[in-house]
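Tertiary structure, described
Listed below are the residues making up each chain.
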Amino acid sequence: MDYNILVINPGSTSDDIGYYRGDKPVFEVTVRYSLTDLEPYDGKNVTEQLPLRRKLILDYLLDHKVPLKEIDAVIGRGGFIRALEGGVYAVNDQMVSDLETGRYGGIHASNLGGILAREVAQYAGCPSFIANPVVVDELQPVARYSGMPENPRISIFHALSQKRVARLIAEKLGKPYEEMNCIVCHGGGGITVGAHRRGKVVDVNNGYEGDGPMTPQRSGGTPNSGLVQMCFSGKYTQRDMRLKLRGKGGLVAYTGTSDVKDLEEFIRTGKKRPGSLIHCTREEAELAENAMIYQIAKYIGSMAVVLEGKVDFIALTGGLMYSKTIPQQLSRYVSWIAPVYVFPGSEEKDALREAARRALDNPKIVKQYS
């Protein structure tokens, strides 16, 4: 059945919005807010921006002559709420409260997704959902052990993207996602590699905090002793160290840039474009990228061990997979484990729309947040 679905995916300085009648988009737009737009909210809780963003969404619906009453569902990107299993969740009072207060993990722009979905849905008189937020936690018990009881491993990853791509490939192979084992790597500014066993992500690195392989912006796992020495050397503040782990670690630390497209062009031609931040030689740039690919491949291999070698497929997705080098090199390393499928980009709006459609098709799958 075809449904009319509104998708809301907020970012820190933009909103990614789409309205669909069945599979056909009525509009898809990424609205970027200027510094002037956001200046009144500087230093305030991001939820103060709700009136601004709600008005923009309603204006787009009005401009495209979309009657609110024709909307069958509104779905927003999930934010930082309590850890939960994957799936589609109805937005309820408890969820809105947790998103507004930042009770779990603080306030992030993604927290606005569920709140905006609920508010617009109330105008439209239809249900509101979120699906597979980054805090999806399906780790098996042994995966939580870090060696420090005070510092357990936690699950924060690209759940929306990973589960969508896994479902798409399973569909192509003619089996339900819930009956297959696979490894999914989402590569962007952060990289997460998940072991999916029969519909559950039983092990995955916390890509938000920089755990796992080195990435364009994150250090990945680092030698413990050296890290401790740096923390107590007096040379770095806590903020400095956090930035080394997430923001200024990984490729950017070695080469000066986290722009993989720019880096690969330099590696290919030896020429830097005007304004390039690259500060290394061509050979050093190539070695740094190869090191990142090597570490990702090692992590994929470790997830094959988690699945005891029973892997139906490996999926590579996210913006990094637009690279002319990365997916090919990764396939060379890991294709002996299982067939490799490449899905560049993340297509979050499509993932959310598909989740809302599943929920409308079968309301029994909709979970309640508590």
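Above: the structure in question.
Right, let's walk through the structure included here. All residue numbers refer to position in the chain's written sequence, counted from 1. The model is predicted, so local features are restricted to residues of pLDDT at least 70 and side-chain atom pairs to those at 80 or more, both for listing and for counting; the totals for chains, interfaces and linings are taken over all residues. The side-chain values count all of the structure's non-hydrogen atoms but skip hydrogen atoms and water molecules.

Hydrogen bonds between backbone atoms are what pair the strands of a sheet, whose relative direction is either parallel or antiparallel. Note: two strands are recorded as paired if DSSP finds a minimum of 2 bridges between them. Secondary structure elements are defined from DSSP: runs of H or I of at least 4 residues count as helices, runs of E of at least 2 residues count as strands, and each element is numbered from the N terminus. Reading across from one edge, 3-2-1-4-6-5-12 is the order of the seven strands in this open sheet, with mixed pairing throughout. Either end of the sheet is taken by a strand with one partner, and the two such strands are strand 3 (24-32) and strand 12 (367-368). Relative to strand 6 (residues 128-131), strand 5 (residues 88-90) runs antiparallel, the two sharing three bridges. Across the sheet, the residue bridging to Val88 is Ala131, located in strand 6.

What is meant by a nonpolar core is a set of buried Ala, Val, Leu, Ile, Met, Phe, Trp, Tyr and Cys residues, joined one to another through side-chain atoms within 4.5 Å. Burial classification: accessible surface area is computed with a 1.4 Å probe over protein chains only, and a residue below 20% of its type maximum counts as buried, one above 50% as exposed, and the rest as partly exposed. Ranked by internal contacts, the top residues of the largest apolar core, which has 54 residues, are Leu6, Leu61, Ile71 and Val74. In terms of residue count, helix 4 (residues 111-124) provides more of this core than any other element does, seven residues in total. It only takes one pair of heavy atoms within 4.5 Å for two residues to be counted as in contact. Discounting chain neighbours no more than four positions away, the residues touching Leu6 are Ile17, Gly18, Tyr19, Ile57, Leu61, Ile71, Ala73, Val74, Ile75 and Val120. Core analysis: the second largest hydrophobic core is formed by 36 residues, Leu251, Ile278, Leu320 and Ala338 among them.

The pairing test for Phe, Tyr and Trp rings, Trp by its six-membered ring, is centres within 6.5 Å, and the orientation test on the planes gives stacked under 30 degrees, edge-to-face over 60, and tilted for anything in between. Using the criterion set out here, one finds five aromatic pairs in the structure. When the centroid spacing of 5.3 Å and the interplanar angle of 55 degrees are considered together, the rings of Phe80 and Tyr208 count as tilted. Linking Phe80 in the loop between strand 4 (73-77) and strand 5 with Tyr208 in the loop between strand 9 (200-204) and helix 6 (224-231), this pair joins segments that are 128 residues apart in sequence. Among the aromatic side chains, those forming a connected cluster through ring pairs are Tyr19, Phe27 and Tyr60. Charge-over-ring placement is defined geometrically: NZ (Lys) or CZ (Arg) within 6 Å of the ring centre, and within 35 degrees of the ring normal. The ring of Tyr208 is capped by Arg246, whose NZ or CZ atom sits 4.2 Å from the centre of that ring. Over the aromatic face of Tyr333 sits the side chain of Arg332, whose NZ or CZ is 4.9 Å from the ring centroid.

Our next topic: the pattern of salt bridges. Salt bridge, as applied in this entry: a Lys or Arg side-chain nitrogen positioned within 4 Å of an Asp or Glu carboxyl oxygen. Using the criterion set out here, one finds 22 salt bridges in the structure. A salt bridge links Glu85 to Lys200, with the nearest nitrogen and oxygen atoms 3.0 Å apart. Of this pair, Glu85 sits in the loop between strand 4 and strand 5 while Lys200 is found in strand 9, placing the two residues 115 residues apart along the sequence. What makes Glu85 partly exposed here is its relative accessible area of 35%. A relative accessible area of 32% places Lys200 in the partly exposed class. Bridged by salt links that share partners, the residues Asp23, Arg164, Asp350, Arg353 and Glu354 form one connected network.

Positive phi outside glycine occurs at Lys65, with the angle close to 55 degrees. Following the sequence through the fold, Lys65 ends up in the loop between helix 2 (50-63) and strand 4. Taking relative accessible area as the criterion, Lys65 reaches 70% and is therefore assigned exposed. Of note, the phi angle at Asn132 is positive, near 40 degrees, even though the residue is not glycine.

The next subject is the sheet that holds strand 7 (residues 181-187). Here we have five strands laid out as an open sheet, ordered 9-8-7-10-11, and mixed in their pairing. The open sheet terminates on both sides in strands that have one partner only, identified here as strand 9 and strand 11 (340-344). Going across the sheet, the axis of each strand differs from the next one's by a mean of 25 degrees, ignoring polarity. Note that strand 7 and strand 8 (residues 191-197) share seven bridges and pair antiparallel. Looking across to strand 8, one finds that Gly187 is bridged to Ile191. Against the sheet, helix 5 (residues 159-172) makes contact with strand 7, strand 8, strand 9, strand 10 (313-318) and strand 11, and its axis sits at roughly 135 degrees relative to strand 10, the strand it touches most. Each axis is a line fitted through C-alpha atoms, and for a helix only the stretch in contact is used; angles between axes span 0 to 180 degrees, taken between their N-to-C directions.

The next point concerns helix 2. In a helix, the anticipated span is given by 1.5 Å times the number of residues less one. For helix 2, with 14 residues, the first-to-last C-alpha span of 20 Å sits near the 20 Å given by 1.5 Å per residue. Listed as buried for helix 2 are Leu50, Arg53, Leu56, Ile57 and Leu61. Seen end-on, helix 2 carries its buried residues on one side only, within an arc spanning 140 degrees. With respect to the buried face of helix 2, the exposed residues turned more than 90 degrees away are Lys55, Leu62 and Asp63. Those residues of helix 2 hidden inside the fold are in contact with strand 1 (4-10), strand 2 (14-21), strand 3 and helix 4. Among the residues trailing helix 2, Lys65 stands out with phi positive, at a value near 55 degrees. In this description, the arc belongs to the directions extending from the helix axis to the C-beta atoms.

Let us now look at the packing of helix 3 (residues 93-101) against helix 4. Packing of helix 3 against helix 4 leaves a shortest axis separation of 9 Å and a crossing angle of 140 degrees. With respect to their mutual orientation, helix 3 and helix 4 come out oblique. Classified by chirality, the crossing of helix 4 by helix 3 is left-handed. Here helix 3 contributes Asp93, Val96, Leu99 and Glu100 to the contact with helix 4, which in turn contributes Asn111, Gly114, Ile115 and Arg118. When residues are grouped by polarity, Ala, Val, Leu, Ile, Met, Phe, Trp, Tyr, Cys and Pro land in nonpolar, Asp, Glu, Lys and Arg in charged, and all others, Gly among them, in polar. Here the residues of the contact of helix 3 with helix 4 sort into three nonpolar, two polar and three charged. An angle below 35 degrees is treated as roughly parallel, one above 145 as roughly antiparallel, one from 65 to 115 as roughly perpendicular, and anything else as oblique. Working rule for handedness: look at the near helix, and if it is turned counterclockwise from the far one by less than a right angle, call the crossing left-handed; if clockwise, right-handed.

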